Amino acid sequence: MQIYLDGAWLAREEAKVSVFDHGLLYGDGVFEGIRVYDRRIFRLEAHVERLYDSALALALEIPHDRAGMCELVREAVRRNRRENAYIRLVVTRGAGELGIDPSSCPRPCVIVIVDQVRVYPAGLYASGIKVVTSATRQVSHESVDPRIKSLNYLKNILAKIDAQRAGAQEAILLNQAGFIAECTADNLFVVRGGRLLTPAVQDGALGGITRATVMQLAGEIGMAVEEPRLTRFDVYTAGECFVTGTGAELMPVVEADGRRIADGKPGPTTRRLTEVFHALVRTEGEPVF
Ligand code: PMP
């Protein structure tokens, strides 16, 4: 494995960051998770765009332009020769003084890791997962806009712990007003009366790349897609429910807060969208090696 770290290509054992890095000390940094399918990097430009938007929001100046960053990621995939992979792209504030002052960090630290991915056991895609509503709420845009994909994932981790303690795989985070925002590492969708519904980013959803892809594919197969405010009622009474994410892809949800959703099995719309998603990711874009 060759990991890019601050201008060097290093073996796994050698790729280490400073204990003074503000990414470690304060969660001060941004990241992306990106997939490689059959040597094609899925929607790399969209991921890099989101990374730079997150960095802009944090006034973090990434020491590459967007095109250079895309090329760096392609180079990492080529060097690692993985046909199917998960890429973790991280930019931290870099090493500085112990205080939080970001201006003490002269140079952001850029990391690119190409590894394998396994978010959920394969069997769960056939059976579906359980979700619970977490007591931990989505952060408000008045403090940290949830569109920023930062290294501070504590609320997500707290919600994930809630899910695990309840015997579920994912947790729903509500926003400050009690509407559904998203899950700990995934966006949430419900199918109702032939329409596909998902929370708007203004309601606290991350602008997921998989979310955007699924919305596009739904339109292509003739489904209406809407972004209304959703509450738990909409999940409990849904015809189908699923979550989306780079790691999870599309994962059916068959139970929420102890209530079975519809017949408790992954539904036909989820299956259809999963099929077209898998076809797309293996054909879109050019192989990088
Ligand atoms: N919400 C959160 C909080 C996430 O961490 C992720 C995974 N990056 C998503 C949603 C899904 O986004 P994407 O489809 O871009 O992976």
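Residues numbered from 1 in each chain as written. Predicted model: local features only at pLDDT ≥ 70, side-chain atom pairs only at ≥ 80, totals over all residues. Heavy atoms only, no water.

By the secondary structure assignment, Arg 12 is in the loop between strand 2 (8-10) and helix 1 (22-26). Along the chain, Arg 12 and Leu 24 lie twelve residues apart, while their C-alpha atoms are 18 Å from each other. Apart from the residues lying within four places of it in its own chain, the contact partners of Arg 12 are Met 1, Ile 3 and Asp 115. (Helix = DSSP H or I, 4+ residues; strand = E, 2+ residues; numbered from the N terminus. Contact = heavy atoms within 4.5 Å.)

Turning our eyes to something else, we now look at the environment of Arg 107. Examined against the element boundaries, Arg 107 turns out to sit in the loop between strand 5 (85-92) and strand 6 (109-115). By relative accessible area, which is 52% here, Arg 107 ends up exposed. Sequence separation between Arg 107 and Gly 264 is 157 residues; the distance between their C-alpha atoms is 51 Å. The residues touching Arg 107, leaving out its near neighbours within four places in the chain, are Asp 6, Arg 93, Gly 94 and Ala 95. (Buried < 20%, exposed > 50% of the residue type's maximum accessible area, 1.4 Å probe, protein only.)

What follows deals with the packing of helix 2 (residues 44-57) against helix 3 (residues 66-80). At a closest axis distance of 10 Å, the pairing of helix 2 and helix 3 adopts a crossing angle of 125°. It follows from the interaxial angle that helix 2 and helix 3 lie oblique. Considering only the axes of helix 2 and helix 3, their crossing is right-handed. For the pair helix 2 and helix 3, the contacting residues are Leu 44, Glu 45, Val 48, Glu 49, Leu 51, Tyr 52 and Leu 56 in the first and Arg 66, Met 69, Cys 70, Val 73 and Arg 74 in the second. (Axes fitted to C-alpha atoms, helices over the stretch in contact; angles between N-to-C directions. Parallel < 35°, antiparallel > 145°, perpendicular 65-115°, else oblique. Left-handed = near helix turned anticlockwise from the far one by under 90°.)

Okay, the sheet that holds strand 3 (residues 29-37) next. Adjacent strands of a sheet pair through backbone hydrogen bonds, lying either parallel or antiparallel. Strand order across the open sheet formed by six strands is 2-1-6-5-3-4, with antiparallel pairing between neighbours. Pairing within the sheet leaves two strands with one partner each, and these edge strands are strand 2 and strand 4 (40-41). Bridge count for strand 1 (residues 3-5) against strand 2 is three bridges, and the pairing is antiparallel. Within strand 2, the position partnered with Leu 5 by the bridge is Ala 8. The strands touched by helix 3 are strand 1, strand 2, strand 3, strand 4, strand 5 and strand 6; relative to strand 6, the strand with the most contacts, the crossing angle is about 40°. (Pairing = 2+ DSSP bridges.)

Turning next to the packing of aromatic side chains. Summed over all chains, the structure comprises five aromatic pairs. Taking 6.5 Å as the distance between ring centres and 85° as the angle between the ring planes, the aromatic pair formed by Tyr 37 and Phe 42 counts as edge-to-face. On the accessibility criterion, Phe 42 (6% relative accessible area) is buried. Relative to Phe 277, the ring of Phe 42 has its centre 6.0 Å away and its plane inclined at 70°; by these criteria the two rings are edge-to-face. Of the two residues, Phe 42 sits in the loop between strand 4 and helix 2 while Phe 277 sits in helix 8 (residues 268-281), which places them 235 residues apart along the sequence. (Phe/Tyr/Trp six-rings, centres within 6.5 Å; stacked < 30°, edge-to-face > 60°.)

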